[in-house]
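# Residue-level structural notes
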Amino acid sequence: SQTIHQWPATLVQPVGSPLSLECTVEGTSNPNLYWYRQAAGRGLQLLFYSVGIGQISSEVPQNLSASRPQDRQFILSSKKLLLSDSGFYLCAWGGQGNEKLFFGSGTQLSVL
Amino acid sequence: RKEVEQDPGPFNVPEGATVAFNCTYSNSASQSFFWYRQDCRKEPKLLMSVYSSGNEDGRFTAQLNRASQYISLLIRDSKLSDSATYLCVVTLVAGFKTIFGAGTRLFVKA
């Protein structure tokens, strides 16, 4: 069966520090991968999605970047965090062909 | 205009009530449609897919109207455990983008 791992669960970082969140998927190949952010009390904002290794589409200009170095690995990064980067970050995977998404357990990021 | 719009809520209903959520989407090329459920501080989980013919899963019924670009979710005989945020989700054909609505909060009270 397929599983998705996302870590860490909670992260507190100072303004200006770097960020690296990692997500890995097991039990499937060539998945579509997604990074979403959810601000407190708000909906999910699509940040990046990837349909293959090295293929990244960015939805919102911002202080973040994403990379897909391996088929089942998706990384969210920032060189210098801003206060506005705080939020609940969710990684998700989906099958090819517009199928449903399955989410990791999320990372609650607080930038202070 | 947002790509996916939902009733803002919150909906406060007693146990046993029937409650309906509505959702509209702006891109006529949208291909797939879903309802997700999200509990507080947890990841969203798929509740059900939505098909043009309408579909039912126990107490939950979903409807899709492509002409009006409208999706609905009906919950019958509400349970306390149905309290959550319900997210309307649309996937576009091109690029495999999946867009979430802001969600509708439901509180079911005894």
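Here we summarise the structure given alongside this text. (Residues numbered from 1 in each chain as written. Chains lettered and ligands numbered in written order. Predicted model: local features only at pLDDT ≥ 70, side-chain atom pairs only at ≥ 80, totals over all residues. Heavy atoms only, no water.)

Taken as a whole, the largest pocket encloses approximately 620 Å³ of empty space. Put simply, the parts of the chain that give the lining of the largest pocket at least two residues each are β4 (32–38) and β5 (44–52) of chain A together with β1 (4–6) and β10 (98–100) of chain B. Classifying every residue of the lining of the largest pocket by side-chain character gives 10 nonpolar, nine polar and seven charged. Forming the boundary of the second largest pocket are 21 residues, of which Gln38(A), Ala39(A), Ala40(A), Gly41(A) and Arg42(A) lie nearest the centre. When contributions to the lining of the second largest pocket are tallied by element, the ones reaching two or more residues are β9 (87–94) of chain A together with β9 (84–92) and β11 (104–109) of chain B. For the lining of the second largest pocket, the element with the most residues is β9(B), which contributes three residues. A breakdown of the residues in the lining of the second largest pocket according to their chemical character gives eight nonpolar, eight polar and five charged. (1 Å grid on protein atoms, 1.4 Å probe; cavity = no way out; pocket = protein on both sides within 12 Å on 5 of 7 lines; lining within 4 Å. Points joined across faces, edges and corners; volume = space filled by probe spheres on them. Helix = DSSP H or I, 4+ residues; strand = E, 2+ residues; numbered from the N terminus. Nonpolar A, V, L, I, M, F, W, Y, C, P; charged D, E, K, R; others polar.)

Time to look at the state of the cysteines. Two cysteines, two sulfur atoms, one covalent bond between them: this is a disulfide. Here the structure, examined in full by the defined rule, presents two disulfides over all chains. Through a disulfide, Cys23(A) is tied to Cys91(A); the S-S separation comes to 2.0 Å. One quick way to see it: the torsion about the S-S bond of Cys23(A) and Cys91(A) is about -75 degrees, and its sign makes the bridge left-handed. Of this pair, Cys23(A) sits in strand β3 (residues 19–26) while Cys91(A) sits in strand β9; the two residues are 68 residues apart in sequence, bridging distant segments of the chain. Each member of the pair Cys23(A) and Cys91(A) is classed as buried. A sulfur-sulfur distance of 2.0 Å marks the disulfide that ties Cys23(B) to Cys88(B). Between Cys23(B) and Cys88(B) the disulfide shows an S-S torsion of about -75 degrees. By sign, it is left-handed. With Cys23(B) in strand β3 (residues 19–25) and Cys88(B) in strand β9, this pair connects stretches of sequence that are 65 residues apart. Residue classification places Cys23(B) among the buried residues on the basis of a relative accessible area of 1%. Classification of Cys88(B) as buried rests on a relative accessible area of 0%. (Disulfide = S-S within 2.5 Å. Buried < 20%, exposed > 50% of the residue type's maximum accessible area, 1.4 Å probe, protein only.)

For the rest of this paragraph, the subject is empty space enclosed by the protein. Within this structure, the stated rule accounts for one cavity of 30 Å³ or more. Looking at side-chain class alone, the lining of the largest cavity contains five nonpolar, three polar and one charged residues.

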